[in-house]
Amino acid sequence: MKLDMAIEELHRSENHLVTVLTSMSDKHKTDHEVFYVCRDMAKWSRQHVADLAGIGTDFGLRLEPEASEDPGLLASVKQRTAELVGRRSTPGLLLLADLRHLYREAAGTSVDWELLAQGAQGAKEKELLDLAQRCHPETLRITRWANAYLKVTSPQVLAS
Amino acid sequence: MTRTDRIAEPWGSRTPYGPGETWPTRVDSYLADGLTEADVDRWVQSATILHSNGDGLDIAVKDDRIVGVRGRAVDRVNHGRLGPKDLFGWQANNSPDRLTKPLVRRRGKLVETDWDTAMDAVANRAKELLEEQGPRAISFYTTGQLFLEEYYTLGLIAHGGIGTNHVDGNTRLCTATAAAALKETFACDGQPGSYTDIDSADVIALYGHNMAETQTVLWTRVLDRLAGPNPPQVICVDPRETPVARAATVHLAPRPGTNVMLMNALIHELVAHGWIDRDYIEAHSVGFAELQKQTAECTPEVAAAVCDVPAEQIREAALIIGTAERLMSSVLQGFYQAHQATAAAVCVNNIHVLRGMLGKPGCGILQMNGQPTAQNTRECGADGDLPAFRNWSNDAHIADLAKVWNVDPMQIPHYSPPTHIMQQLRYIEEGSIRFMYVTATNPAVSLPELRRIREILSQDRLFLVVQDIFLSETAQLADVVLPAATWGEKTGTFTNVDRTVHLSEKAVEPPGEARSDLDILIDFAHRMGLEDKDGAPLVKWSDPEGAFEGWKECSRGRPCDYTGLSYDKLRGGSGIQWPCNDEHPDGTEHIYVDGQFWAQPDYCESYGRDMVTGAPVEKTEYEALNPTGRAVLKAAEYVAPHELVSEEYPFQLITGRTLYHFHTRTKTGRAPQLQAAAPEVWVEMSQSDAADRSFTEGDLLEVTTPRGLVRARVRISGIRPGVLFLPFHYGYWDTADGSRPRKERDGRAANELTLTDWDPVSKQPIFKTAAAAVRRVSAAKGQPSLAPTTTGSAPVTGGVPPTTGGAQAHAEELVGGRR
């Protein structure tokens, strides 16, 4: 049984996703939809981290239930920088790069959920399967958002 | 015939009627200067434009001037009635400060010029930017107050000619969520309801919709039902004690920002008690299991804790809604301008689908509009959507539209959703949009976070064109100002929320050199040299009727089919409801009869969006979810609002409207009776909050948020404790400051305070959840606030004189309509 490894890996990647989302939110404070939607989506990943830590105890794991995040000071420095450069055109390119990064991270996490769900089915771990079925769609929604936002933003950035 | 002070009695006198009966006729009229009908030279057919109700009226003309109005007895919408804004608002047309000549900015100042100079300046700058940067440098921001013909022409110019998808209307601020909610549930815009549903409904539920003030004549219809035998029960969801709340059987006043939780609890109750039509759900919807799962834990107790509404009240409301035999619902800004706007509005649709209450008398949903022609902004593609509810992510629809317009499909931008106004501003802020053409709206007062808006619109690198009838706050920031004709000075059609199309004919000439918006737009298209793919002019008409005929072809076979209509058919009688075509030559009162929707994947306008992130659903996903085009029961989880109260900012601030004003008061502020009824900004606070701070009625308060400051006298009203209300109408055009507050303490526009945030689904900005602080600047010394006493701002303390209009506000009422 290597389910503990899968849980641990997913806990790590969801934890990372929280950081990616909040950091992206702070960096793009002047892109208001990015700022707010990333924060709303980060709540999902934060919950996933807590849920994985919870179920991890059944598999002999001791995982941190709270996502590790940017210290408040760093977040406000990023937000302030966003406000200072918000009038320039370069943030558009940065936003594309960040969206691309988010898409890849969320897609990777989504694959990890897929693996965990398959493993849980194989091992007939009902509770773990329920968890995967509850959380996985939310991770997929993050990839879809990143993809959709890339589609919206890229023509303006690349073709003008 | 009676004469009534229609400022003191906005809804006039009662003509009670019972369920299933026809609403009695009452013809309202007002003529200025003591004139009588015998003095009138001619009556010219039109409909009302200072709200969204679409009441038929005739314009009285004497000596080639508008002198008054009279409701049309034959019209299906109003049966002769008019509201205070209709009776008195027309006077603004005759205002001496109308724009009469084009203006251009020279050495920092706007100076008068001729049309050729102004239009060349506009077209040359646009051509320069097209050459240099391409179509994405150019954006259009229009309104909900032009005519269908003008929107369709504008959409054609922007999408088919210039090829930009930076097109939006101020409908984004008022009814974007109406459209978005309909697209989520029915995959297509278009209202399932009809005003006649009021005549037979036994329960009328108003969600964040202060109908008494926003659609006075429709509310008059409700009042007449309430005064008659077997009256309907009314459910009201509103944090203020509005006239609707006072007439309601149950008034739910949730904490702002919690509508979705409240709605999920109502749905929970309907499902838990089996007050749902399982056969209808089975036959005509998808998504029930998911909705059931999502609302399973939203008990009235859970919602009570989040929304701060007694669980018992939620149960009572659910019982009334759940056992209604003919349920009619309407929704407006309390939902649309709130956090999670679309998700909350969709819940209302869900209730109707769950109960099978669609497509039959008394069972309508009105996802309300705010402005008179907002429906056309959406239908014709002037809000960025493609015309006649074509789907931008369906290539076949693009090909079809390209055929109608005779352009290459690649010319029509359809690679992503249209750029909504808040995103346009972001592109202007970062410098990639450099030309903005604003028609008939006033973003420098109506958009959130005004300091930011003014900074963005004042940038030198932006070329700002404003087409308007007055030198609004926004026009004062423009590079070119184009003087336009308005209602009564031009011909066109427009459509209200229950799909009724009216013809509005030209009654008088516009002042000075002012021209109709249609003429100006066509002139722009020609100067731009816009052509179809065979080298012929892109815009193939030169007058309103030509544009209407063009639109009819564009609408053929689409849900909003206008092919059975013509100017001649609209003349003389009542307005007519679309779809109107060979199959339905007299129009269509109810759509979605027998669960037949426009939601088939290859026909629908939209595949929907994620309720939290706003990401569009892909075609393949939609095809899998809803292959046969049923109604979609869309579930949404409650998400807490983004700006929460704190020790520093302990109040929730909501902004809104009053009965006597429209938009930024450009017209109603110039109508003496309306201006006198609500002459200055006020702030509403509950009695307990005022008592805690020893504030009394009329004290001058300073309301602040991290964005700015507004000073206003306090009206102690029946608003929910912890919440402040500011009317959004008041800007600066009639102050010494002109376009902005001279000093920060001069702030009076509510939008100085609001935050830049929007519903990710409908992109409608949020005006109902900001955290605010308040302090007293000076005591009232016996001077109460001048807020109206007849409306949601009614005082709950004594000593406030009632709002009246006096002799100059006396209008005639003729019950039965004949003398």
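Scoring rules and cut-offs
Residues numbered from 1 in each chain as written. Chains lettered and ligands numbered in written order. Predicted model: local features only at pLDDT ≥ 70, side-chain atom pairs only at ≥ 80, totals over all residues. Heavy atoms only, no water. UniProt positions renumbered as here; feature names shortened; annotations may be inferred. Phe/Tyr/Trp six-rings, centres within 6.5 Å; stacked < 30°, edge-to-face > 60°. Helix = DSSP H or I, 4+ residues; strand = E, 2+ residues; numbered from the N terminus. Lys NZ or Arg CZ within 6 Å of the ring centre and 35° of its normal. Salt bridge = Lys/Arg side-chain N within 4 Å of Asp/Glu carboxyl O. Buried < 20%, exposed > 50% of the residue type's maximum accessible area, 1.4 Å probe, protein only. Pairing = 2+ DSSP bridges. Axes fitted to C-alpha atoms, helices over the stretch in contact; angles between N-to-C directions.

The name given to chain B in an unreviewed UniProt entry is Molydopterin dinucleotide binding domain-containing protein, and the organism recorded there is Blastococcus tunisiensis. Looking at chain B in UniProt, the text filed under Sequence similarities (unreviewed entry) is "Belongs to the prokaryotic molybdopterin-containing oxidoreductase family. NasA/NapA/NarB subfamily."

K.L.:
Go over the packing of aromatic side chains, please, and point to the residues and values.
P.N.:
Residue and element names in this part refer to chain B. Following the criterion strictly, the structure yields 23 aromatic pairs over all chains and no others. Here the aromatic rings of Trp-551 and Tyr-562 are separated by 5.5 Å at their centres, their planes lie at 75 degrees, and the arrangement is edge-to-face. Residue Trp-551 is found in helix 23 (residues 544-555), and its partner Tyr-562 is found in the loop between helix 23 and helix 24 (567-570); the two are separated by 11 residues along the sequence. In textbook terms, an aromatic cluster arises when at least three aromatic residues are bridged by ring pairs, as seen for Tyr-152, Trp-541, Phe-548, Trp-551, Tyr-562 and Tyr-567. Above the plane of the ring of Phe-147 lies Lys-490, whose end atom (NZ or CZ) is 4.9 Å from the centre. In this arrangement the basic side chain of Arg-670 is found over the ring face of Trp-733, its NZ or CZ atom lying 3.9 Å from the centre.

K.L.:
So what's going on with the pattern of salt bridges? Residues and values would help.
P.N.:
Under the counting rule described, the total for this entry stands at 64 salt bridges over all chains. One salt bridge in this structure joins Arg26(B) and Asp28(B), with 2.8 Å as the shortest N-O distance. With respect to burial, Arg26(B) and Asp28(B) carry one shared label: buried. One network of salt bridges, with partners in common, ties together Asp31(A), Arg426(B), Glu429(B), Glu430(B) and Arg452(B).

K.L.:
Break down the sheet that holds strand 16 (residues 435-439) of chain B for me, with residues and values.
P.N.:
Residues and elements named next belong to chain B. Taken in spatial order, the seven strands line up as 7-6-18-17-16-8-9 in an open sheet, and their pairing is mixed. A strand with exactly one partner marks an edge of an open sheet, and here the two such strands are strand 7 (109-112) and strand 9 (167-169). Sheet twist, expressed as the average angle between the axes of neighbouring strands with direction ignored, equals 20 degrees. Direction of pairing for strand 17 (residues 463-468) relative to strand 18 (residues 480-483): parallel, over a ladder of four bridges. By the bridge assignment for strand 18, Asp-468 is matched with Pro-483.

K.L.:
Hey, could you go over the UniProt feature "domain: 4Fe-4S Mo/W bis-MGD-type" (unreviewed entry) in chain B for me, with residue numbers and the actual values?
P.N.:
The sites that UniProt annotates as "domain: 4Fe-4S Mo/W bis-MGD-type" (unreviewed entry) are residues 41-97 of chain B. Helix and strand shares over residues 41-97 of chain B are 11% and 35% respectively, and the end C-alpha atoms of the span are 26 Å apart.

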